[in-house]
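The chain contents come next:
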Amino acid sequence: MNDYLLVGKIINTFGIKGELKISSDFEYQDRVFKKDFNLYIGDNYIMEKINTSKIHKGNIIISLYNLNNINDILKYKDLYVYIKKDDLKLDSHEYLVSDLINFEVYDKDVLLGKVISYEFTKLYVLLKVRGKKDFYLPNMDKFINKIDFNDKKIYTNNGSELVL
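K.L.:
Outline the overall build of the chain, listing residues and values.
P.N.:
Within the chain one finds three helices and twelve strands. In terms of principal-axis extent, the alpha carbons of the chain reach across some 60 × 30 × 25 Å. Across the chain, the fraction of contacts at a sequence separation of at least 24, relative to all contacts at a separation of at least 6, is 51%. Of the roughly 10000 Å² of accessible surface on the chain, a fraction of 47% belongs to carbon and sulfur atoms.

Laid out in structure tokens, this is it:
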């Protein structure tokens with residue numbers, strides 16, 4: 001399975017030595033934006049390998065092998081950056097927030113709704129749940145008791161209090 005995952009967008013070049021500035025809220029940035037990791041750029045998924053990586057003012061600055069000046073990388077400006085999901089190599093207890101889309105949310109035995117999207121905040125991830133009323137469920141142990149990946153269900157701790 002080699003599904004592509006969106007991990008960011010190239011928002012600009014950085015300097016004249018062929019570096020790219022990437023905006024990303026991907027949850028496993030430390031595993032992706034590192035030396036020798038493969039990125040796939042644009043709608044054609046052009047494979048490039050990261051040579052260097054650093055954080056600068058909340059963005060990720062990378063250089064790619066064999067692209068050493070600004071003229072080599074201008075073609076990538078404003079394009080989206082992807083990875084192959086299999087390259088991420090998550091442990092058995094790890095998951096991507098995007099995998100929770102369409103999971104049903106329960107408080108005890110009461111169905112509260114279904115996860116329709118998610119948003120990253122500076123502190124945590126919010127799962128948007130559509131039910132009788134839409135609400136946000138923080139993706140934290142304080143609010144989530146269990147995630148059942150086989151049955152695609154999320155069990156909350158007092159989730160009914162979150163429905164406003």
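K.L.:
Tell me about the packing of aromatic side chains, and name the residues and values.
P.N.:
Under the defined criterion, the tally for this structure stands at eight aromatic pairs. Ring centres of tyrosine 4 and tyrosine 45 lie 3.9 Å apart, and the angle between their planes is 10°; this geometry places the pair in the stacked category. Of the two residues, tyrosine 4 is situated in strand S1 (residues 4–14) and tyrosine 45 in the loop between strand S3 (38–41) and strand S4 (46–56); the sequence distance between them amounts to 41 residues. By relative accessible area, tyrosine 45 is classed as partly exposed at 32%. In textbook terms, an aromatic cluster arises when at least three aromatic residues are bridged by ring pairs, as seen for Tyr4, Tyr40, Tyr45 and Tyr82.

K.L.:
Mind laying out the sheet that holds strand S8 (residues 110–120), listing which residues take part and the relevant values?
P.N.:
The six strands are arranged S10-S9-S8-S7-S12-S11 in an open sheet whose pairing can be described as mixed. The strands lining the two open edges of the sheet, one partner per strand, are strand S10 (135–138) and strand S11 (144–148). Taken pair by pair, the neighbouring strands of this sheet meet at an average axis angle of 35°, ignoring direction.

How each quantity is defined
- Within each chain, residues carry numbers counting from 1 in the order of the written sequence.
- With the structure being a predicted model, the display of local features is reserved for residues of pLDDT at least 70 and the display and counting of side-chain atom pairs for 80 or more, all residues being used for whole-chain, interface and lining totals.
- To obtain the side-chain values, all non-hydrogen atoms of the structure were used and water was disregarded.
- The helix count covers DSSP runs of H or I at least four residues long, the strand count covers runs of E at least two residues long, and both are numbered beginning at the N terminus.
- The contact rule is simple, with two residues in contact once any of their heavy atoms fall within 4.5 Å.
- Note on areas: Shrake-Rupley, 1.4 Å probe, and residue coverage restricted to the protein chains presented here.
- Aromatic rings from Phe, Tyr and Trp, with only the six-membered ring used for Trp, were paired whenever their centres fell within 6.5 Å, and each pair was classed as stacked if the ring planes differed by under 30 degrees, edge-to-face if by over 60, and tilted otherwise.
- Under the scheme applied here, a residue whose accessible area is under 20% of the maximum for its type counts as buried, over 50% as exposed, and between as partly exposed, the area being computed with a 1.4 Å probe on protein chains only.
- By this definition, two strands are paired if DSSP reports at least two bridges between them.
- Structural elements are reduced to axes, namely lines fitted to C-alpha atoms, with helices fitted over the stretch in contact, and the angle between N-to-C directions of any two is expressed from 0 to 180 degrees.

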